[in-house]
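One-letter residues, chain by chain:
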Amino acid sequence: MQSQYAAAANIPLIKSPALRVPPPVILPPDIHPLPDSVTPYFVYPFTLEPHVLALESSRRNTLATNAARREALLRARDDERQRRKREALRRVAPGFEGNGAVLMPVRVNSDTNSAGNDATREQQPLAARSVDGASNEHGQVGTVDDLAYQLAWLDTQEHQPPRP
């Protein structure tokens with residue numbers, strides 16, 4: 001029987017001076033051998049269970065309390081930041097609410113000599129009136145309602161007799 005390495009069997013091997021064979025390992029005579037079964041080593045003392053469970057429940061309660069306190073602090077900080085931002089915007093633009101509604105200018109007329117219902121309408125700001133004189137739930141009216149009211153008011157001014 002010929003091996004594929006038969007030709008290499010006759011070649012002399014040269015040992016490298018950089019390589020050394022490690023010394024054999026000598027075991028001490030008092031080494032403890034492994035037992036036949038390791039199951040006696042896996043005994044769990046169940047007497048620790050109530051102690052561990054009590055500590056875990058108190059830990060969870062503490063974590064929940066800390067999380068609620070942290071959320072309240074963050075919410076208060078965010079509310080304060082929003083309040084300061086709204087106050088700064090109201091200083092620049094009085095009447096600004098920040099809900100995306102268009103700011104309506106308020107016209108103040110010093111001429112209150114008109115008769116009857118027109119006198120009360122003159123004192124009411126334009127932003128709080130509609131065509132029929134009523135305001136919506138926000139105290140604001142649409143641009144079309146305001147324009148219609150102004151045109152109606154101009155029409156009544158043209159038909160009134162001149163003041164003495």
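Residues numbered from 1 in each chain as written. Predicted model: local features only at pLDDT ≥ 70, side-chain atom pairs only at ≥ 80, totals over all residues. Heavy atoms only, no water.

### Quick word on the overall build of the chain
Along the chain, the regular secondary structure elements total three helices and zero strands. Along the chain, helices and strands appear, N-terminal first, in the series α-α-α. Sorting the 164 residues of the chain into buried and exposed places 8% on the buried side. Carbon and sulfur atoms form 61% of the exposed surface of the chain, whose accessible area is close to 14,800 Å². (Helix = DSSP H or I, 4+ residues; strand = E, 2+ residues; numbered from the N terminus. Buried < 20%, exposed > 50% of the residue type's maximum accessible area, 1.4 Å probe, protein only. Areas by Shrake-Rupley, 256 points an atom, 1.4 Å probe, with all protein chains shown as cover.)

### Overview of the pattern of salt bridges
Side chains that differ in sign of charge can pair as their charged atoms come close. Using the criterion set out here, one finds six salt bridges in the structure. Notably, a salt bridge pairs R81 with D78, separated by 3.9 Å at the nearest N-O pair. Here R81 pairs with D78, and both are found in helix α1 (residues 49-92), just three residues apart, close to one helical turn. By relative accessible area, R81 is classed as partly exposed at 47%. For D78, a relative accessible area of 35% gives the class partly exposed. Residues R83 and E80 are paired through a salt bridge, measuring 2.3 Å at the closest nitrogen-oxygen approach. (Salt bridge = Lys/Arg side-chain N within 4 Å of Asp/Glu carboxyl O.)

### Here's the deal with the packing of aromatic side chains
Here a ring pair, both rings aromatic, is described through the centre-centre distance and the interplanar angle of the planes. Applying the stated criterion across every chain, the model contains one aromatic pair. A centroid spacing of 4.9 Å and a plane angle of 80 degrees characterise the contact between Y44 and F46, whose relative ring orientation is edge-to-face. The exposure class of Y44 is partly exposed, given its relative accessible area of 43%. (Phe/Tyr/Trp six-rings, centres within 6.5 Å; stacked < 30°, edge-to-face > 60°.)

### Looking at the confidence of the model for the chain
On average, the chain scores 76 in pLDDT, and the residues at 70 or more come to 73%. Below a pLDDT of 50 lies the segment residues 112-117, which in the model reaches five contacts outside its immediate sequence neighbourhood of four places, other chains included. Confidence drops under a pLDDT of 50 for residues 119-134, and excluding neighbours within four residues, the segment shows 39 contacts in the predicted structure. (pLDDT = per-residue confidence, 0-100. Contact = heavy atoms within 4.5 Å.)

### Re a nonpolar patch on the surface
Among the surface-exposed residues, Y44, F46, L48 and V52 lie close enough to one another that they form a single nonpolar patch of about 420 Å² accessible area. Secondary-structure assignment places F46 in the segment before α1. With a relative accessible area of 61%, F46 lands in the exposed category. (Patch = residues over 30% accessible without salt bridge, like charges linked within 9 Å, V, L, I, M, F, W, Y side chains within 5 Å.)

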